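Residues per chain are reported as follows:
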Amino acid sequence: MTIDEYRQLRTYSWYDGIYLAILWTAGFACLIGMPKLPLLSMTSNLITLSTPFFVGYHLKKYRDQGLGGYIDLKTAAVYCIRVFINASILFALVQWAYMQFLDNGYLFNTIISTISTEEGKTVIEAYGLSEREIKDAFSAITPTQFALTYFVLNTFIGLLLSLILSFIFKKT
């Protein structure tokens, strides 16, 4: 890979990572608004499930427009991994900012109200936990821990999806 090819890959992956972070932010916003409008729960799930299709579409676009229709497995994997890492970094910053400055315990209270229902209590008891343990665990989470947890999770899932997508869209 030449330096120009690397710059092109870096540029495409940054832009597509930004777009993916915006998509994930929309899904997170739907998740936050779910208690007020239950339809947003399904919308959040659909946005999350659209991630591999979104990245696959952009990988195909990079392959066809940026590379003239051909991409090897290694380049496809590097592109996808960079997209997921860039999106994870930006999305973690969005989540941290929301939890630090806007949430004021809203998400925590929503989770607590969910586990306080009869169904929630049944699930908690099935795992051998008490409602107090769950409340203590959630109240101890800082905005930084919340954002870092999802950063690691999104990056790991992105790595797995990158391997799958690069096999599907490679074209040599």
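Everything that follows concerns the structure shown earlier in this document.
Residues numbered from 1 in each chain as written. Predicted model: local features only at pLDDT ≥ 70, side-chain atom pairs only at ≥ 80, totals over all residues. Heavy atoms only, no water.

**Student:** I would appreciate a short explanation of the packing of aromatic side chains in the present structure.
**Tutor:** According to the stated counting rule, one finds nine aromatic pairs in the structure shown. Ring centres of Tyr62 and Tyr79 lie 4.8 Å apart, and the angle between their planes is 10 degrees; on these two criteria the pair is classed as stacked. Of this pair, Tyr62 sits in helix α3 (residues 51–66) while Tyr79 sits in helix α4 (residues 73–102); the two residues are 17 residues apart in sequence, bridging distant segments of the chain. In this structure, Tyr62 and Tyr79 share a single accessibility class: buried. (Phe/Tyr/Trp six-rings, centres within 6.5 Å; stacked < 30°, edge-to-face > 60°. Helix = DSSP H or I, 4+ residues; strand = E, 2+ residues; numbered from the N terminus. Buried < 20%, exposed > 50% of the residue type's maximum accessible area, 1.4 Å probe, protein only.)

**Student:** I'm lost on the packing of helix α1 (residues 3–33) against helix α2 (residues 39–49) in this one. Help?
**Tutor:** Helix-helix packing is characterised by the crossing angle of the two axes and by the distance between the axes. Packing of α1 against α2 leaves a shortest axis separation of 8 Å and a crossing angle of 155 degrees. In terms of orientation, α1 lies roughly antiparallel with respect to α2. Crossing of α1 against α2: the hand is left-handed. Residues Leu23, Ala26, Gly27, Cys30, Leu31 and Gly33 of α1 form the contact with α2, whose own contacting residues are Leu40, Thr43, Ser44 and Ile47. Its residues placed into classes, the contact of α1 with α2 shows six nonpolar, four polar and no charged. (Axes fitted to C-alpha atoms, helices over the stretch in contact; angles between N-to-C directions. Parallel < 35°, antiparallel > 145°, perpendicular 65-115°, else oblique. Left-handed = near helix turned anticlockwise from the far one by under 90°. Contact = heavy atoms within 4.5 Å. Nonpolar A, V, L, I, M, F, W, Y, C, P; charged D, E, K, R; others polar.)

**Student:** Would you explain the nonpolar core in this entry?
**Tutor:** A general trend in soluble globular proteins is that nonpolar side chains are found buried together. With 28 residues, the main nonpolar core has Leu20, Val55, Leu59, Tyr79, Phe84 and Leu165 as its most contacted residues. Contact partners of Leu59, with chain neighbours within four places excluded, come to Ile71, Ala76, Tyr79, Cys80, Leu165, Ser166 and Phe169. (Core = buried A, V, L, I, M, F, W, Y, C linked by side-chain atoms within 4.5 Å.)

**Student:** Explain unusual backbone geometry here, please?
**Tutor:** Where the residue is not glycine, phi is negative for most of them; where a peptide bond is considered, it is trans in most cases. Within the chain, Asn104 stands out as a residue other than glycine whose phi angle is a positive 50 degrees. Relative to the assigned elements, Asn104 resides in the loop between α4 and α5 (106–115). Exposure remark for Asn104: the relative accessible area of 69% places this residue in the exposed category.

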